[in-house]
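An overview of the molecular structure
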Amino acid sequence: MRSMLLRFVVVLCFASAATAHAASSGVTVRLPGSKCIWARVLLLAGLAAGRTTIDGLLDADDTRVMREALVQLGVKFSGNRVSGVGGPFPVREADLFLGNAGTAFRPLTAALALSGGEYRLSGVARMHERPIGDLVDALRAMGARIEYLGAKGYPPLAIHPG
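Residues numbered from 1 in each chain as written. Predicted model: local features only at pLDDT ≥ 70, side-chain atom pairs only at ≥ 80, totals over all residues. Heavy atoms only, no water.

Here the structure, examined in full by the defined rule, presents three salt bridges. One salt bridge in this structure joins Arg64 and Asp59, with 2.5 Å as the shortest N-O distance. Overall, Asp59 belongs to the exposed group, its relative accessible area being 64%. Among the ionic pairs, Asp95 bridges to Arg120, the shortest N-O distance being 3.9 Å. Of this pair, Asp95 sits in strand β4 (residues 93-97) while Arg120 sits in strand β5 (residues 118-122), and the two are 25 residues apart along the sequence. On the basis of relative accessible area, Asp95 is assigned to the partly exposed category, the value being 47%. By relative accessible area, which is 33% here, Arg120 ends up partly exposed. (Salt bridge = Lys/Arg side-chain N within 4 Å of Asp/Glu carboxyl O. Buried < 20%, exposed > 50% of the residue type's maximum accessible area, 1.4 Å probe, protein only. Helix = DSSP H or I, 4+ residues; strand = E, 2+ residues; numbered from the N terminus.)

Dropping the structure here:
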């Protein structure tokens, strides 16, 4: 199940990033200045093994929120370098407040569903009005244990080990 969820996360992360290409060590990939792409780049760098250098990171609320969440989950940052965890996040219990950053909320939901921990994701009141039911349904169909902490189909969420 984890392998299938990981593939789902990769597809989810790059579904809107048509210009992104798979890169091997030592390859530079230049991406457009889109907050949704940059939030996903941070997530993938955090999950990857080794260090990733990110130059020209877009300074936007969504990227700041993603970076803060990744730090809470055990990812290390030093300037423009990200030291990835090489798999599931080492922090197995976290309460993540993601503000109004939908581009952080959705990919983190998918990634945390395969991390084997207890996580709570919430945001501002407006975030709790944004539907997430389709993503939760897809993750549940793959074995993820996710519960709604408010209205069905909307954040906040609790993610439990699968």
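Here we come to the nonpolar core. Within the largest apolar cluster, 43 residues are counted, with the highest numbers of intra-cluster contacts made by Leu70, Phe89 and Leu108. For this core, the secondary-structure elements that each account for two or more residues are α2 (35-47), α3 (61-72), β4, α4 (102-113), β5, α5 (133-141), β6 (145-148) and β7 (157-160). Of all the elements, α2 adds the most residues to this core, at nine residues. (Core = buried A, V, L, I, M, F, W, Y, C linked by side-chain atoms within 4.5 Å.)

Now for the sheet that holds strand β1 (residues 49-53). Overall, antiparallel pairing links the three strands, which are arranged β1-β3-β2 in an open sheet. Every interior strand has two partners, whereas the edge strands, β1 and β2 (76-78), have only one. This sheet shows a mean twist of 20° between the axes of neighbouring strands, independent of strand direction. Pairing between β1 and strand β3 (residues 81-85): five bridges, direction antiparallel. Bridge pairing in β3 places Ala49 opposite Val85. (Pairing = 2+ DSSP bridges. Axes fitted to C-alpha atoms, helices over the stretch in contact; angles between N-to-C directions.)

Further remarks concern the pairing of β3. The two faces of the sheet receive side chains in turn, since in a regular strand these alternate between them. With three bridges joining them, β2 and β3 adopt antiparallel strand pairing. Bridge pairing in β3 places Ser78 opposite Arg81. The antiparallel pairing of β2 with β3 creates a hairpin that spans two residues between the two strands, and Gly79 there sits at a positive phi of about 60°.

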